[in-house]
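# Fold and geometry: a report
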Protein chains: 2
Amino acid sequence: MCCLYHLALSPFCRKVRLILAEKKLEVNLIEEPILEKRFEFFTHSPSSKVPVLQINGLVISESNAIFEYLEEIYPDPPLLPEIMADKVEARRLSCWFDDTFHREVTAKLLYQRIYKNLSGTDHVDSGIMKSGMTALKLHFQSIGEILEKRRWLAGDKMTIADFAGAAHISSLDYIGDIDWEKFDSIKNWYVKIKSRPAFRSLLKDYLPAFVPPEHYEDLDF
Amino acid sequence: MCCLYHLALSPFCRKVRLILAEKKLEVNLIEEPILEKRFEFFTHSPSSKVPVLQINGLVISESNAIFEYLEEIYPDPPLLPEIMADKVEARRLSCWFDDTFHREVTAKLLYQRIYKNLSGTDHVDSGIMKSGMTALKLHFQSIGEILEKRRWLAGDKMTIADFAGAAHISSLDYIGDIDWEKFDSIKNWYVKIKSRPAFRSLLKDYLPAFVPPEHYEDLDF
């Protein structure tokens, strides 16, 4: 069995958990308190980042390196399309969520609310939160336009782009930052992906200090 | 011929230029003033990011999506090793440069000096600069330790990890932020990669508002 060092609400860890579950790989999840800089973990990941996956004698960090490894070694089911234009689009959108969307939205809203507490301060910067909410609305408009034309984010089939997007969006949904009524096409897509068996473990996440809204676990919200 | 919308000192654009040159693909470079949000460019890249590569009827953004496409379609010479553990290491380090090193070093030092001017302000935040310099020293120690044990960053062969690293480090070298005398093993590696034909175009970059130090172009500095 492989072993994943992770944090429950980290979108990069959630993406890897979705990939592992979709490919039916059993995993031992170890919640890693990264701010404590544990020696055992530090030897695996000198940059003290999660996710870190131990698998087949390898120790892999960086969620994109983990994905490309899993896709090559466990190609069934594939998370990259065979058609080159669709494959490019799947990787492009996956990178976009992990870079632009993360920097402008997830890092601002999620880390303000959650990790400020972990680092021992209660201060939430209202300017950063406001900028995150503005970017969320702007980016949701673009994602919504894509999903009005396509069944899944990169085309007809579910790909790594959908898992990257769902990883970020599910973290934001946990902290109650998404107003679903305003984004029908994204809501319909999220209902579909949320109902996949691979999503079950994410919906069971529960941090006592941050109780999710009632609809978080609800498949038909 | 393919066409690359880029900015001369962007590490992500430099990485793509190195990949294209190493694979001997001729490219038409178009310097894109991204802050002007030109309509022609915006239709290619709704997120207004560079690099954007037009090639074989595709328009690809996100440097990692561009790399994986080029590596698959133009495998000669390969920039990913065949041995799986080395391949994982090459992708891990490439992602690490583009995420951690970029956020903690390049974004702080380079963007403070260059892009503050582009956006019409001369203000340089000394706290951000100091934090970037501290992180640079810390990360150079880790990179130096790797290069004392390995010929190239991910092992015996030059890979995408070396191009990602050299892209960031060459941008920082252009603005004169690297004290080479303190890091022998990194300097030896950089001399090797700088002398490759693929590097020539980067060494010819010249921005009149930001004159590089004399050693920037020098292959035996």
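Before reading further, recall that the structure is shown in the block above.
Throughout what follows, the structure given in this document is the object of discussion.

Rules used in this analysis
- Residues numbered from 1 in each chain as written.
- Chains lettered and ligands numbered in written order.
- Predicted model: local features only at pLDDT ≥ 70, side-chain atom pairs only at ≥ 80, totals over all residues.
- Heavy atoms only, no water.
- Contact = heavy atoms within 4.5 Å.
- Buried area = accessible area lost by both parts, 1.4 Å probe.
- Salt bridge = Lys/Arg side-chain N within 4 Å of Asp/Glu carboxyl O.
- Polar contact = N/O pair within 3.5 Å; in protein donor to acceptor, adjacent residues only side chain to side chain.
- Helix = DSSP H or I, 4+ residues; strand = E, 2+ residues; numbered from the N terminus.
- Nonpolar A, V, L, I, M, F, W, Y, C, P; charged D, E, K, R; others polar.
- Phe/Tyr/Trp six-rings, centres within 6.5 Å; stacked < 30°, edge-to-face > 60°.
- Buried < 20%, exposed > 50% of the residue type's maximum accessible area, 1.4 Å probe, protein only.
- Lys NZ or Arg CZ within 6 Å of the ring centre and 35° of its normal.

### Observations regarding the interface of chain A and chain B
- Contact with chain A, which involves 22 residues of that partner, is made by 22 residues of chain B.
- Counting each side, the surface lost to burial between chain A and chain B is near 2,000 Å², with a carbon and sulfur contribution of 64%.
- At the surface where chain A touches chain B, the tally comes to six salt bridges.
- A salt bridge links Glu68(B) to Arg91(A); its shortest N-O distance comes to 4.0 Å.
- If you look at where chain A meets chain B, you find six residue pairs in polar contact (both at pLDDT 80 or more).
- Counting residues per element, the side of chain A that touches chain B draws most heavily on helix H4 (residues 84–113) of chain A, at ten residues.
- Classifying every residue of the side of chain A that touches chain B by side-chain character gives ten nonpolar, four polar and eight charged.

### Description of the packing of aromatic side chains
All names here are of chain A.
- A complete count under the given rule lists 16 aromatic pairs over all chains for this structure.
- Judged by centre distance (5.1 Å) and plane angle (75 degrees), the ring pair of Trp-96 and Phe-97 falls under edge-to-face. Of the two residues, Trp-96 and Phe-97, neither departs from the other in class, the shared state being buried.
- With centroids separated by 6.2 Å and ring planes inclined at 40 degrees, the aromatic side chains of Trp-189 and Tyr-190 adopt a geometry described as tilted. Like Tyr-190, Trp-189 is buried.
- Each member of the aromatic cluster is reached from another via a ring pair, and the members are Trp-180, Trp-189, Tyr-190 and Phe-199.
- Note that Lys-192 overlies the ring of Trp-152, its terminal NZ or CZ placed 4.4 Å from the centroid.

So, to be careful, I would describe these as geometric facts and stop short of saying anything about function.
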